[in-house]
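Each chain, written out:
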Amino acid sequence: MTSLIVAVLLAVVTDGWPDAVHCNAPGPRFLKYCDAYADATCCSRQDDQRALRRAAPLYTGQFSARCKEITAQMACSVCDPRVGMKKVDAVCQSRCDDWYESCKNDFFTTPASTSAVLEPCSVSSLVCSRLSDIVTSGEEFCSRSGYSVATSSSTACFDGTPPKRRPRVVVPATSAPTKAQIIGAIGVISAFVAVIATICMIERRSRQMFEAQQRHLQEERRRLLTESWEARLRENPIIGDVSKSPENAPLNASAQVDAAAALGPTAAPDDDWVIAERVPGHESDADHTVTASHAEQ
């Protein structure tokens, strides 16, 4: 009588699957724990976290590896798209048997709730018993855990195998540079800095050479102008005589060169001089201007 009541409660409360999630069109979701079903599922992130809480005792207690693996798969079965679309509503008998054989020596507990489903024993459980002391078969284990068991081999059932996932592009993780790569990078940077320094040095020396050439050309131009003007003073008697008169004398050679240099490289001393001379005995006592010109020698 008690077993019948438990079976009725399981059928009404769990609808053949604990925490079942249904939808018409499963789609890709971000699932952290049940990521095997992330490509197509009816589960949300909240459903994924609920499945994790259901399997949480597996990671705090002493459970065998195979029992832990299958129990985690059963907890995530609610995210299977076939379960979500109600194409599968029961667990295969072989799956139940495998689950029981893997966990029969591990400890489970029956919480005091209306669902009365078996759960892995946790640190907060008051009473824990070996699974083989609670149930004696895989079918009973699945039923007491809230799952319906397929009664026929021809019935579509959940066997624990998730749907085939779409291939994903795996981006290789960038590894840390090796010592040889670091040394090589330092060498390249050092060579680049050396090239830049060489270019700057060449540019600085070229500028210094250009400035030195300009100074030399200015000095040479000054020397040539001075020699040319002194030669004219010596060879032209008119300029020589006039230069004896302080008030009528033109600029001397050095002053002419300075003036020419101030005016620019194309400036040169004048070839013609206007000499003012007073003519004595003139009736009007006016000043007459006599222009003396000399030909360029």
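Residues numbered from 1 in each chain as written. Predicted model: local features only at pLDDT ≥ 70, side-chain atom pairs only at ≥ 80, totals over all residues. Heavy atoms only, no water.

In the nomenclature of an unreviewed UniProt entry, the protein chain is known as Folate receptor-like domain-containing protein of Plasmodiophora brassicae.

A few words on the overall build of the protein chain. The helix and strand inventory of the protein chain stands at 10 helices and 5 strands. A buried classification covers 30% of the 297 residues belonging to the protein chain. A separation threshold of at least 6 residues defines the contact pool for the protein chain, and within that pool the share at least 24 residues apart is 64%. (Helix = DSSP H or I, 4+ residues; strand = E, 2+ residues; numbered from the N terminus. Buried < 20%, exposed > 50% of the residue type's maximum accessible area, 1.4 Å probe, protein only. Contact = heavy atoms within 4.5 Å.)

What follows is about the environment of Gly-146. Within the fold, Gly-146 resides in the loop between helix 7 (138-144) and helix 8 (179-235). Taking the relative accessible area as the measure of exposure, Gly-146 reaches 2% and is therefore buried. Sequence separation between Gly-146 and Leu-118 is 28 residues; the distance between their C-alpha atoms is 7.9 Å.

Right, let's get into the state of the cysteines. What the rule picks out here adds up to 7 disulfides. The disulfide bridge from Cys-67 ends at Cys-103, spanning 2.0 Å between sulfur atoms. Measuring handedness by torsion sign, the sulfur bridge of Cys-67 and Cys-103 sits at about 110 degrees and is right-handed. One end of the pair, Cys-67, is in helix 3 (residues 65-75); the other, Cys-103, is in helix 5 (residues 93-103), with 36 residues separating them in the sequence. Residues Cys-67 and Cys-103 agree in their burial class; the two are buried. Paired by a disulfide, Cys-96 and Cys-142 hold their sulfur atoms 2.0 Å apart. Here the S-S torsion is close to -115 degrees, and the disulfide linking Cys-96 with Cys-142 is therefore left-handed. With Cys-96 in helix 5 and Cys-142 in helix 7, this residue pair connects regions lying 46 residues apart in the sequence. Across the pair, exposure class does not vary: Cys-96 and Cys-142 are buried alike. (Disulfide = S-S within 2.5 Å.)

Among the surface-exposed residues, Ile-189, Phe-192, Val-193, Val-195, Ile-196 and Ile-199 lie close enough to one another that they form a single nonpolar patch of about 570 Å² accessible area. Inspection of the secondary structure puts Val-195 in helix 8. (Patch = residues over 30% accessible without salt bridge, like charges linked within 9 Å, V, L, I, M, F, W, Y side chains within 5 Å. Areas by Shrake-Rupley, 256 points an atom, 1.4 Å probe, with all protein chains shown as cover. Salt bridge = Lys/Arg side-chain N within 4 Å of Asp/Glu carboxyl O.)

Okay, unusual backbone geometry next. The backbone phi angle of Lys-86 is positive, close to 60 degrees, even though this residue is not glycine. Here Lys-86 is to be found in the loop between helix 4 (81-84) and helix 5.

Formed by 37 residues in total, the largest nonpolar core has its most connected members in Cys-34, Trp-99, Leu-131 and Phe-141. Elements that contribute at least two residues to this core include exactly helix 2 (45-55), helix 3, helix 5 and helix 7. The biggest single contributor to this core is helix 3, with 5 residues. Discounting chain neighbours no more than four positions away, the residues touching Trp-99 are Ile-70, Thr-71, Met-74, Phe-141, Cys-142, Ser-145 and Tyr-147. (Core = buried A, V, L, I, M, F, W, Y, C linked by side-chain atoms within 4.5 Å.)

A word on the packing of helix 3 against helix 5. Running from N to C, helix 3 and helix 5 point in directions that differ by 140 degrees, and their axes come no closer than 8 Å. Our classification of the angle between helix 3 and helix 5 gives oblique. Here helix 3 runs over helix 5; the crossing is left-handed. On the side of helix 3, the interface is formed by Arg-66, Cys-67, Ile-70, Thr-71, Gln-73 and Met-74, while helix 5 contributes Arg-95, Asp-98, Trp-99, Ser-102 and Cys-103. For the contact of helix 3 with helix 5, a count of residues per class yields 5 nonpolar, 3 polar and 3 charged. (Axes fitted to C-alpha atoms, helices over the stretch in contact; angles between N-to-C directions. Parallel < 35°, antiparallel > 145°, perpendicular 65-115°, else oblique. Left-handed = near helix turned anticlockwise from the far one by under 90°. Nonpolar A, V, L, I, M, F, W, Y, C, P; charged D, E, K, R; others polar.)

The strands making up a sheet are joined through hydrogen bonds of the backbone, oriented either antiparallel or parallel. If you trace the 3 strands from one edge of the open sheet to the other, you get 2-1-3, paired in antiparallel fashion. In the strand order of this sheet, the two ends are held by strand 2 (119-120) and strand 3 (129-130), each with one partner. Where strand 1 (residues 107-109) and strand 2 come together, 2 bridges link them in antiparallel fashion. What sits directly across from Phe-108, in strand 2, is Pro-120. (Pairing = 2+ DSSP bridges.)

Moving on, we get to the side chain of Thr-41. Turning to its location among the elements, Thr-41 is positioned in the loop between helix 1 (2-14) and helix 2. Residue contacts for Thr-41: discarding those within four places in its chain leaves Pro-26, Gly-27, Arg-29, Leu-31 and Cys-79.

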